[in-house]
Amino acid sequence: MVLKKKKTSKKKSSSNRTTHREILEEIIRVDHAGEYGATKIYDGQIAVFGKGSKLGKTIQHMADQEQEHIDKFNELILEHRVRPTALLPLWNVAGYALGASTALMGEKAAMACTVAVEKVIGEHYQEQLELLGDDHKDLKKQFLNSGMMN
Ligand SMILES: [Fe+2]
């Protein structure tokens, strides 16, 4: 899924700001960590299956999409001045271990892990959209446009 190029103009957002800042910060922080963890899971799977393998290439394609999501959240972290989670190193190791261990169990287990992760992330974004209600329409649009819901 292709990300829409972020506008660089300093145009003020037209969305209102009634959602509590702490909630917005938490959403961006958790999503950033989740996308980061997803890429680490894929890294672990690719390490087991091999970069050149057919499966490795398929997973790499998915990992590339996750990288786009992370890039988006890196932008949001700067834009909204959110402190990233201090647990990123843990996500790094845990995600990689989960990816590698499910890959070692075989192709089916690896794909089941991937599908489960994507499903949880999708549901998670859906809940956040509901939580935000009518607030932060620009942020919600970014979620939808970037294919994070898929
Ligand atoms: Fe993602």
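Residues numbered from 1 in each chain as written. Predicted model: local features only at pLDDT ≥ 70, side-chain atom pairs only at ≥ 80, totals over all residues.

1. Points about helix α3 (residues 88-104)
Consideration 1: Helix length check: α3 (17 residues) gives 24 Å between terminal C-alpha atoms against 24 Å at 1.5 Å per residue, within 8%.
Consideration 2: Listing the buried residues of α3 in full gives Trp91, Gly95, Gly99, Ala100, Thr102 and Ala103.
Consideration 3: Buried positions along α3 lie against α1 (21-49) and α4 (107-132).
Consideration 4: Gly106 sits one or two positions beyond α3 and adopts a positive phi of about 120°. (Helix = DSSP H or I, 4+ residues; strand = E, 2+ residues; numbered from the N terminus. Expected span 1.5 Å × (residues − 1). Buried ≥ 20, exposed ≤ 12 C-beta atoms within 10 Å, placed from the backbone. Contact = placed C-beta atoms within 7 Å.)

2. Some remarks on the environment of Lys51
Consideration 1: Checked against the element boundaries, Lys51 lands in the loop between α1 and α2 (54-79).
Consideration 2: Dropping the residues within four chain positions of it, Lys51 is found in contact with Ile46, Gly56 and Gln60.

3. Section: the nonpolar core
Consideration 1: One finds Ala38, Ile41, Tyr42, Ile46, Phe49, Ile59, Ala100, Ala103, Ala110, Val117 and Ile121 forming the largest nonpolar core, which totals 11 residues.
Consideration 2: When contributions to this core are tallied by element, the ones reaching two or more residues are α1, α3 and α4.
Consideration 3: No other element matches α1, which puts 5 residues into this core.
Consideration 4: Contact partners of Ala103, with chain neighbours within four places excluded, come to Gly44, Gln45, Val48, Phe49 and Ala110.
Consideration 5: Membership of the second largest hydrophobic core comes to 5 residues, among which are Leu24, Ile28, Phe73 and Leu76. (Core = buried A, V, L, I, M, F, W, Y, C linked by C-beta atoms within 7 Å.)

4. Quick word on α4
Consideration 1: Here α4 spans 38 Å end to end across 26 residues, near enough to the 38 Å set by a 1.5 Å rise per residue.
Consideration 2: Those residues of α4 hidden inside the fold are in contact with α1, α2 and α3.
Consideration 3: Gly133, located one to two residues past α4, shows a positive phi value of around 55°.

5. Overview of the confidence of the model for the protein
Consideration 1: When pLDDT is averaged along the protein, the result is 83, and 83% of the positions lie at 70 or above.
Consideration 2: Below pLDDT 50 for its whole length, residues 5-16 participates in 7 contacts with residues either more than four positions away or in separate chains. (pLDDT = per-residue confidence, 0-100.)

6. Concerning the environment of Gln65
Consideration 1: Secondary-structure assignment places Gln65 in helix α2.
Consideration 2: Measuring from C-alpha to C-alpha, the distance between Gln65 and Thr39 comes to 9.0 Å, with 26 residues separating the pair along the chain.

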